[in-house]
Amino acid sequence: MKIDRIEWWEVNQFVHQEMVNSPEYAASHERWDLVPKFILRLHTDEGHYGVGETSRGAQRSDIELAARQLLGVDPRRVSLRRLPIDEMPAATAKGFEVGLFDLIGRIRDMSVSALLGGPCRDHVVSSYWAGLQTPEHSVVAAAAARDGGYSCLKFKITQGMPVIERLQRMLEVAPDLRFIVDAMQRYDDFGQMQDLVRQMADLNVVCLEDPFPRDRHDWYRQLRQEGGIPIALHLSSTELILQALQEDVADIFNCSPVSLFEFVRMADVAGAAGKPCWHGSAVDLGLLDLAYIHACAVPEAATIPHDILSTPLHVNDFVVDMPHREGERIAVPDTPGLGGELDMRAVEQFRLSNGEIR
């Protein structure tokens with residue numbers, strides 16, 4: 001058996017506006033929802049296939065270079081821990097890893113979570129999400145989270161934003177809603193953040209993520225020692241988790257590596273130290289979200305609501321039937337591979353370009 005053909009499609013992504021940046025912030029911050037994505041489909045000479053999705057920022061030239069290296073490879077002999085592709089950027093690597101997981105799972109009649117070691121839960125919990133918003137705009141997102149059956153909403157903040165008013169306004173419409181507050185390393189004044197944490201202490205905040213630049217371990221330690229709100233750190237490798245544990249700078253981890261195996265390893269290491277975690281995302285489409293669902297089902301420490309956002313966030317998630325959702329709870333597929341089929345009608349509707357490598 002050999003991989004003999006790889007298709008790719010460049011597609012637009014469109015999102016529901018109650019979840020994105022308010023107009024006041026749109027001009028000064030990245031319009032990530034306008035960045036195209038690439039969808040991949042790997043074929044074998046025996047009729048098997050697998051689908052994947054890149055992160056934002058992938059380049060066509062990198063996709064075609066990586067695809068050529070996979071032609072002629074027997075997928076049954078591929079180590080999913082080390083893909084047989086050299087010099088592959090992270091955004092491209094994620095797409096091909098997911099495609100290979102789906103392909104190999106279909107060939108072996110195993111789900112992705114089974115390939116990762118087996119799920120320890122039959123559903124995962126997701127959070128709702130909002131970008132940089134005014135208090136008035138935030139009320140709409142909070143109401144949507146409440147009506148959608150979510151207990152947690154993650155939102156972005158930046159210096160100069162009325163964060164406390166925003167929290168208060170959202171709690172007026174959704175009193176039981178909890179929040180992950182993501183500062184994205186945008187604060188460089190310890191006293192300002194210290195005061196903000198004190199004010200947030202009674203406003204249902206699950207954790208404050210990345211309050212400072214990640215190299216300011218002294219500030220992270222000091223803020224944690226003062227208590228009030230758990231501090232979360234957004235990291236991309238087990239090595240960085242180990243360093244953060246040694247420096248004692250975080251209570252919770254947002255784990256966002258390129259590899260699904262690396263996520264499981266990061267969560268296991270964090271869990272061994274008594275630190276819960278969640279799977280981050282780059283507000284991806286449905287194929288990557290399917291991969292995240294499987295990965296989040298495997299490690300015991302992955303208990304914080306995850307950034308699995310495609311279906312509520314996007315106008316179309318590019319999957320024919322996503323797993324059953326009951327509010328924030330998402331069922332873990334037990335069918336081979338990712339457990340979802342690529343929606344070719346959506347691909348054709350949102351396609352910008354496409355190609356094939358044989």
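Presented here is a report on the structure given in the accompanying data block. (Residues numbered from 1 in each chain as written. Predicted model: local features only at pLDDT ≥ 70, side-chain atom pairs only at ≥ 80, totals over all residues. Heavy atoms only, no water.)

Counting its regular elements, the protein contains 13 helices and 14 strands. In terms of overall dimensions, the protein is globule-like: its C-alpha atoms have a radius of gyration of 20 Å, near the 21 Å expected for 358 residues. Oriented by its inertia axes, the alpha-carbon framework of the protein measures out at about 60 × 45 × 35 Å. Going through the 358 residues of the protein one by one, you find that 58% of them count as buried. Intrachain contacts of the protein at a sequence separation of at least 6 include 76% that bridge at least 24 residues. In the form shown here, the protein has an accessible surface area of approximately 14200 Å², with 45% of it arising from carbon and sulfur atoms. With 35 positive and 53 negative side-chain charges, the protein shows a spacing of 3 Å between the two charge centroids. (Helix = DSSP H or I, 4+ residues; strand = E, 2+ residues; numbered from the N terminus. Rg over C-alpha atoms; globule rule 2.2 N^0.38 Å. Buried < 20%, exposed > 50% of the residue type's maximum accessible area, 1.4 Å probe, protein only. Contact = heavy atoms within 4.5 Å. Areas by Shrake-Rupley, 256 points an atom, 1.4 Å probe, with all protein chains shown as cover. Lys, Arg positive; Asp, Glu negative; His and termini not counted. Charge placed at Lys NZ, Arg CZ, Asp CG, Glu CD.)

Moving on, we get to the nonpolar core. Residues Phe96, Leu153, Leu167, Met200, Leu208 and Phe253 are the most contacted members of the largest nonpolar core, which totals 118 residues. Beyond its immediate sequence surroundings of up to four residues, phenylalanine 96 is in contact with Ile6, Leu40, Ile63, Ala66, Ala67, Leu70, Leu83, Ile85 and Met88. Of all hydrophobic cores here, the second largest spans eight residues; its members include Ile180, Val206, Cys207 and Ala232. (Core = buried A, V, L, I, M, F, W, Y, C linked by side-chain atoms within 4.5 Å.)

Glancing now at the packing of aromatic side chains. The way to describe two aromatic rings as a pair is by their centre distance and the angle between their planes. Summed over the entire model, instances satisfying the criterion amount to ten aromatic pairs. Every member of this aromatic cluster is reached through a ring pair, and the members are Phe190, Phe212, Trp219 and Tyr220. Above the ring of phenylalanine 261, the side-chain terminus of arginine 81 is found at 4.3 Å from the ring centroid. Over the face of the ring belonging to tryptophan 219 we find arginine 216, whose NZ or CZ atom lies 3.9 Å from the ring centre. (Phe/Tyr/Trp six-rings, centres within 6.5 Å; stacked < 30°, edge-to-face > 60°. Lys NZ or Arg CZ within 6 Å of the ring centre and 35° of its normal.)

Moving on, we get to helix α8 (residues 217-225). Along α8, the positions that sit buried rather than exposed are His217, Trp219, Tyr220, Leu223 and Arg224. Buried residues of α8 fall within an arc of 160° about the axis and therefore sit on the same side. Those residues of α8 hidden inside the fold are in contact with α7 (190-200), β8 (205-209), β9 (231-235) and α9 (238-247). Downstream of α8 by a residue or two, glycine 227 has a phi angle that is positive, lying close to 70°. (Arc of directions from axis to C-beta.)

Take the pairing of strand β1 (residues 3-11) next. A large share of β1 lies buried, amounting to seven of its nine residues. Here β1 pairs with strand β14 (residues 351-357) via six bridges, running antiparallel. Pairing of glutamate 7 across the sheet is with glutamate 356, part of β14. (Pairing = 2+ DSSP bridges.)

Read from one edge to the other, the open sheet built from four strands follows the order β3-β2-β1-β14, with strand pairing classed as antiparallel. Bordering the open sheet on either side are β3 (49-53) and β14, each of which pairs with just one other strand. Within the sheet, the average angular offset between the axes of one strand and its neighbour, ignoring direction, is 15°. Where strand β2 (residues 37-44) and β3 come together, five bridges link them in antiparallel fashion. (Axes fitted to C-alpha atoms, helices over the stretch in contact; angles between N-to-C directions.)

Turning next to the pairing of β8. Across the five residues that make up β8, a large majority, five, are buried. Relative to β8, strand β7 (residues 178-182) is paired through four bridges, and the arrangement is parallel. Residue pairing for β8: aspartate 182 is matched across the bridge by glutamate 209. Regarding the hand of the β-α-β motif, the stretch spanning β7, α7 and β8 is right-handed. Sheet topology note: the β8/β9 ladder contains two bridges and is parallel. Of the residues in β9, the one forming a bridge with glutamate 209 is alanine 232. Regarding the hand of the β-α-β motif, the stretch spanning β8, α8 and β9 is right-handed. (Right-handed = clockwise from strand over helix to strand, strands pointing away.)

Two numbers describe a pair of packed helices, the interaxial angle and the distance between the axes. Two numbers describe how helix α10 (residues 260-272) lies on helix α11 (residues 286-296): the axes approach to 10 Å, and their chain directions differ by 35°. Remark: the crossing between α10 and α11 carries right-handed chirality. In contact with Leu260, Phe263 and Val264 of α10, α11 contributes Ala291, Ala295 and Cys296. (Left-handed = near helix turned anticlockwise from the far one by under 90°.)

In this section: the side chain of serine 310. Tracing the sequence through the fold places serine 310 in helix α12 (residues 310-313). In this view, serine 310 contacts Asp284, Leu285, Gly286, Asp289, Asp317 and Met322; residues no more than four positions away in its chain are not counted.

Looking now at the sheet that holds strand β13 (residues 329-331). Spatially, β4-β13-β12 is the arrangement adopted by the three strands of the open sheet, whose pairing is antiparallel. Each of the sheet's edge strands pairs with one partner strand only, and the pair in question is β4 (123-125) and β12 (325-326). Summarising the sheet, β4 and β13 pair through three bridges and their orientation is antiparallel. Counted as the bridge partner of valine 124 is isoleucine 330 from β13.

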